[in-house]
Structures are given as structure tokens and as C-alpha cells.
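Topology and contacts: notes
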Amino acid sequence: MDSDKSINQSILDSAETIVNVPNVDKDMEQFAKGVILMLCDKFVDDELLNIRISNLVGGI
């Protein structure tokens, strides 16, 4: 899969999407947020962006 976005931007977009989806099953929401946090820890080297994404999904 090709994308014009960086991995950092893609992870941030995913985090913003999951927190804005209405009526999501709580277990599915927590699972998706967990995946985003794992991706963030693995691929996001920018500490401020890492904190921003973590705060967005409630990881900190």
C-alpha cells in the first residue's frame, strides 16, 4: 500500500479518526486505541508527537 503521508501523519490521522467515530463498541474502541499506541511507540520518534497521539487516545 502506497501513501503520500508519512507514517507519523498516518498514525496521527488514525488516532483522530478513532476518537471521533460515534457509537463504537467500548471493547473495539479500546482495542483500536491500543493498536494506535503500539504503532506510536514503535514508529513515532518525535517525543512531542508521541505525547500528542497518546493524549489524544487517552494513553497518558
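Model, not experiment: these values are computed from the prediction.

The next point concerns the nonpolar core. Within the largest apolar cluster, eleven residues are counted, these being Ile-11, Leu-12, Ala-15, Ile-18, Ala-32, Ile-36, Cys-40, Val-44, Leu-49, Ile-53 and Val-57. For this core, the leading source of residues is helix H1 (residues 7-20), giving four residues. Apart from the residues within four sequence positions on either side, Val-44 is in contact with Asn-8, Ile-11, Leu-39, Leu-49, Asn-50 and Ile-53.

Axis separation between H1 and helix H2 (residues 26-43) bottoms out at 10 Å; the angle between their running directions is 160 degrees. The orientation of H1 relative to H2 falls into the category roughly antiparallel. You can see that H1 and H2 cross each other, and the crossing is left-handed. Contact with H1, carried on its side by Ile-7, Asn-8, Ile-11, Ser-14, Ala-15, Ile-18 and Val-19, involves Glu-29, Ala-32, Lys-33, Ile-36, Leu-39, Cys-40 and Phe-43 of H2 and no other residues of that element.

What counts, and at which threshold
- Residues numbered from 1 in each chain as written.
- Predicted model: local features only at pLDDT ≥ 70, side-chain atom pairs only at ≥ 80, totals over all residues.
- Heavy atoms only, no water.
- Core = buried A, V, L, I, M, F, W, Y, C linked by side-chain atoms within 4.5 Å.
- Buried < 20%, exposed > 50% of the residue type's maximum accessible area, 1.4 Å probe, protein only.
- Helix = DSSP H or I, 4+ residues; strand = E, 2+ residues; numbered from the N terminus.
- Contact = heavy atoms within 4.5 Å.
- Axes fitted to C-alpha atoms, helices over the stretch in contact; angles between N-to-C directions.
- Parallel < 35°, antiparallel > 145°, perpendicular 65-115°, else oblique.
- Left-handed = near helix turned anticlockwise from the far one by under 90°.

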